[in-house]
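# Breakdown of the fold
So the chains spell out like this:
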Amino acid sequence: MGELWAQMGSLMATIMFVYAMVERFLPTALRDTLQINSQKVMSLLYPYVQITFPEFSGERLKRSEAYTAIQTYLSENSSQLAKRLKAEVVKDSQNPLVLSMDDDEEVTDEFKGVKLWWAASKTATNPHAYSFSYYSPPDGKRYFKLTFHKKHRDLITVSYIKHVLEEGKEIGLRNRQRKLYTNNPSSGWYGYKQSKWSHIVFEHPATFETLAMEKRKKEEIMNDLVKFRNGKDYYAKIGKAWKRGYLLYGPPGTGKSTMIAAMANFMNYDVYDLELTAVKDNTELRKLLIETSSKAIIVVEDIDCSLDLTGQRNMKKENGSNNNEELDQELRDHLSRKEEEEGNKSSKVTLSGLLNFIDGIWSACGGERIIVFTTNFVDKLDPALIRTGRMDKHIELSYCRFEAFKVLAKNYLDANSHHLFPTIANLLQVTNVTPADVAENLMPKSLNEDVDTCLENLIHALEVIKEEKAKKKVEEKDKEEENNVHTVEDVKENGFIL
Ligand SMILES: Nc1ncnc2c1ncn2[C@@H]1O[C@H](COP(=O)(O)OP(=O)(O)OP(=O)(O)O)[C@@H](O)[C@H]1O
Ligand SMILES: [Mg+2]
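In this text, all values refer to a predicted model and were calculated from it rather than measured experimentally.

This paragraph deals with the overall build of the protein. Scanning the protein from N- to C-terminus turns up 17 helices and 13 strands. Evaluated residue by residue, the protein yields a buried proportion of 34% over its 498 residues. Counting only contacts in the protein whose residues sit at least 6 apart along the sequence, the fraction spanning at least 24 positions is 69%. As displayed, the protein offers around 31,900 Å² of accessible surface, 54% of which is attributable to carbon and sulfur atoms.

Following this line, the structure appears as C-alpha cells:
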C-alpha cells in the first residue's frame, strides 16, 4: 500500500512538472489548440450543461428578478427536499419567515419527465486580500446553478426556465402582503423621498361571504371577477386591454366601500385609492396611472363630488358669497382672492382626461387592472363616463332586505334562524334602511345583550322608522289636500267657473 502511494505521488509530481513546462515553453497557438481539444474530451466525458443565475448582475445595485423568482420557486417546490435550509425575514410577505435552500445545497426537480439539479452557491472571496484591512471580507456573490443533460437543452432553455420564472413570480405575488395606496400631492413627487403613491398594508377583513347582499347578485359579481382574472388570453385575442370597470352606486351606507375591500381580498389585488381632488391636471393623472402595478384595483370614490363632471362647480361659483350685496368691498375682495387661489390649487382634471385615464392608450400599460367608481347619485354622472366599455358593469347597492339581513344576522350574532326573523322580514319590506343601520342595531352594545335583545332592538328601531314614514305620508297628503282646497278657493274668488 505504501508503495502504491509513493508511485502515485511521483506520478502527480511528473504531471505537475510537465504541465508547468507546457505552460512555460509551448507556443500560445499550440497551447490554445490543446485547451480546446481537452474541453471537447471533457464534454464527451461530462454530458451536462450548466446555467448560472447570479443574484446581482452587472452593477451590484438591484437584485436580479430571475434570481428572486427562482428562489421563490425553489422555496415552494423543493425546499422540502433540502436538508439545510436558510431562514430569511422577507419584508412585504404574508408569511415573513421564508425558508430557502442554504448555500452549497442541491435539490432536484423534474419537468416533463426530465430530471434537473438546482444548486445554491456562492463565489469564494480571497480572505488574504483583506488580511491587513480594517473591514472583514465581503460575502461572496450568490448564484443558482442549474444542471441538466445536454440532450434536453431546447426543452430546458425554452420551456422550463420560462416556467420557473413565471411560477416564481406568481407565487411571489400570491404570498406578498397587499397594499393600500393613496396618491401624494405633486409637490411631494420630487426630491429625496420622491414617490407618487404612499402605502400601508391592506388589512380590510371584508369578504363576499360577509357582504350583505342577495346571493344571486353576489355570485354574479364573483363569476364576473373570476372570468376577468382568467381572461388574459381572451383579452389578447379580442384586442382589448386587460382591464374592467365597475360602477358601484347606491345610498350612503349600503356597502360600496365594503364591496371594494371584498373584491380586493377575493382577487388578491392591491388597492389604489385615487383622490382626484389632489391631482392637479390630466398629465399628473397619467403619471399616476403609469406608476400603478398590475393586479390592482384603482378606486375613485364619490366620483360625482371629485370632479366638475356635472357642472356643479360652476353653479357653486354663481351662487357664491361674492354676490351678497351686504358684504363690504374689502371683504368681497378678500373672498374673491381666496376663491381664485382655491381655483388655482384645485384639480384641473377634466372629463376627457379621466376618460383617457380609463380607456386611453396609456390605460393598457401594466394590465390586469380593475377600475371602480362609486357614487351616491348615478343620474348626476355624465353618460360618457359610465357607458359600457368604460364602466363595464353597473352594480346597484341598495337598502337592506331580508336576504341581506340574514347575512348580517349570521355575521354579527351567529344566528341562522330565529322566531323574530319573520317580523323583521315584514318590517324590512316597508322600511328603507341601509345595511349599515341594520348592522349598527345588530351589534351587541354590552355583555348582557344576547341574540334576542339585539333582534328586539332592531325591531324597535324598524318600527320607529315605519311610524315616522307613515306620519310623513299623512302630512304630505294633508298638505296636498290643503293645496287643492286653496286652488279651488282661488278659482272661486277669481270668478272662474269650474
Ligand atoms: N352590504 C353590506 N354588507 C356588510 N356590511 C355592510 C354593508 N353595507 C354597509 N355595511 C356596514 O356599514 C358600514 C358602512 O358601509 P360602507 O362604508 O361600505 O358604505 P358606502 O356605501 O361606501 O357608504 P358611502 O356612500 O357613505 O361611502 C361598513 O363598515 C359595514 O360594516
Ligand atoms: Mg364609501
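Around ligand 1, 15 residues are found, and the nearest of them are Ala212, Gly253, Lys256, Ser257 and Thr258. In this structure, Asn376 approaches ligand 1 through a side-chain N or O atom, which is 3.0 Å from an oxygen atom. Protein coverage of the free-state accessible area of ligand 1, which is 620 Å², stands at 72%. For the shell around ligand 1, the secondary-structure elements that each account for two or more residues are α7 (256–267), α14 (402–413) and α16 (435–442). Counting residues per element, the shell around ligand 1 draws most heavily on α7, at three residues. Class assignment for the residues of the shell around ligand 1 results in seven nonpolar, seven polar and one charged.

Quick look at a positive patch on the surface now. A surface patch of like charges, here positive, comprises Arg401, Lys469, Lys473 and Lys477. Among the structural elements, Arg401 can be located in the loop between β13 (393–396) and α14.

Here we come to empty space enclosed by the protein. Following the criterion strictly, the structure yields one cavity of 30 Å³ or more and no others. Space inside the largest cavity adds up to approximately 40 Å³. Lining the largest cavity are Tyr67, Gln71, Lys86, Met101, Asp103, Ala120, Ser121, Arg142, Tyr143 and Phe144. Elements represented by at least two residues in the lining of the largest cavity include exactly α3 (65–77), β5 (114–122) and β6 (142–149). Here the element with the most residues in the lining of the largest cavity is β6; it accounts for three residues. Of the residues in the lining of the largest cavity, the class split is five nonpolar, two polar and three charged.

The grouping of Glu475, Glu476, Asp478, Glu480, Glu481 and Glu482 at the surface amounts to a negative patch. With respect to the element layout, Asp478 can be found in helix α17 (residues 451–493).

Moving on: the packing of aromatic side chains. Under the criterion given, the structure shown has 15 aromatic pairs. A centroid spacing of 6.4 Å and a plane angle of 40 degrees characterise the contact between Trp118 and Tyr160, whose relative ring orientation is tilted. Separated by 42 residues along the polypeptide, Trp118 in strand β5 and Tyr160 in helix α4 (residues 153–175) bring together distant segments of the chain. Each of the two residues, Trp118 as well as Tyr160, counts as buried. Between Phe228 and Tyr235, the ring centres sit 5.7 Å apart and the planes meet at 80 degrees, which makes this aromatic pair edge-to-face. Taken as a pair, Phe228 and Tyr235 share a single burial class, namely buried. Each residue in the set Phe53, Tyr67, Phe111, Trp118, Phe144 and Tyr160 is aromatic and connected to the rest through ring pairs, giving one cluster. Over the ring of Tyr234 we find Lys227, and its NZ or CZ is 5.7 Å from the ring centre.

As a further point, take the pattern of salt bridges. What the rule picks out here adds up to 13 salt bridges. A salt bridge links Glu220 to Arg216, with the shortest nitrogen-to-oxygen separation between them at 3.9 Å. Taken together, the residues Glu220 and Arg216, both in helix α5 (residues 215–229) and four residues apart, mark about one turn of the helix. The class for Glu220 is partly exposed, based on a relative accessible area of 39%. The class for Arg216 is exposed, based on a relative accessible area of 55%. Residue Glu220 is joined to Lys393 by a salt bridge in which the shortest nitrogen-to-oxygen separation is 2.7 Å. A residue pair is termed long-range when its members are at least 10 positions apart, and Glu220 in helix α5 and Lys393 in strand β13 qualify at 173 residues.

Taken from the UniProt record, the annotation "coiled-coil region" (unreviewed entry) applies to residues 455–485. As a span, residues 455–485 carries 100% helix and 0% strand, and end to end its C-alpha atoms are 45 Å apart.

Another point: the pairing of strand β4 (residues 105–111). The alternating pattern of β4 places Glu105, Val107, Asp109 and Phe111 on a buried face and Glu106, Thr108 and Glu110 on a face that is not buried. Across seven bridges, the pairing between β4 and β5 is antiparallel. Each residue of the ladder has a partner; that of Glu106, found in β5, is Ala119. The antiparallel hairpin formed by β4 and β5 contains two residues in its connecting segment, where Lys112 sits at a positive phi of about 50 degrees.

Across the sheet, which stays open at both edges, the seven strands sit in the order β8-β7-β10-β11-β12-β9-β13 with mixed pairing between neighbours. A single partner strand is all that each edge strand has here, and the edge strands are β8 (197–201) and β13. Taken pair by pair, the neighbouring strands of this sheet meet at an average axis angle of 20 degrees, ignoring direction. Bridge count for strand β9 (residues 243–249) against strand β12 (residues 369–375) is seven bridges, and the pairing is parallel. The residue of β12 that forms the bridge with Tyr246 is Val372. Lying on the sheet, α5 is in contact with β9, β12 and β13; it crosses β9 at an angle near 160 degrees. Contacts from α7 reach β9, β10 (270–273), β11 (296–300), β12 and β13, with the element oriented near 170 degrees to β12.

Parameters at a glance
- Residues numbered from 1 in each chain as written.
- Chains lettered and ligands numbered in written order.
- Predicted model: local features only at pLDDT ≥ 70, side-chain atom pairs only at ≥ 80, totals over all residues.
- Heavy atoms only, no water.
- Helix = DSSP H or I, 4+ residues; strand = E, 2+ residues; numbered from the N terminus.
- Buried < 20%, exposed > 50% of the residue type's maximum accessible area, 1.4 Å probe, protein only.
- Contact = heavy atoms within 4.5 Å.
- Areas by Shrake-Rupley, 256 points an atom, 1.4 Å probe, with all protein chains shown as cover.
- Near = heavy atom within 4 Å.
- Polar contact = N/O pair within 3.5 Å; in protein donor to acceptor, adjacent residues only side chain to side chain.
- Nonpolar A, V, L, I, M, F, W, Y, C, P; charged D, E, K, R; others polar.
- Patch = residues over 30% accessible without salt bridge, like charges linked within 9 Å, V, L, I, M, F, W, Y side chains within 5 Å.
- Salt bridge = Lys/Arg side-chain N within 4 Å of Asp/Glu carboxyl O.
- Lys, Arg positive; Asp, Glu negative; His and termini not counted.
- Charge placed at Lys NZ, Arg CZ, Asp CG, Glu CD.
- 1 Å grid on protein atoms, 1.4 Å probe; cavity = no way out; pocket = protein on both sides within 12 Å on 5 of 7 lines; lining within 4 Å.
- Points joined across faces, edges and corners; volume = space filled by probe spheres on them.
- Phe/Tyr/Trp six-rings, centres within 6.5 Å; stacked < 30°, edge-to-face > 60°.
- Lys NZ or Arg CZ within 6 Å of the ring centre and 35° of its normal.
- UniProt positions renumbered as here; feature names shortened; annotations may be inferred.
- Pairing = 2+ DSSP bridges.
- Axes fitted to C-alpha atoms, helices over the stretch in contact; angles between N-to-C directions.

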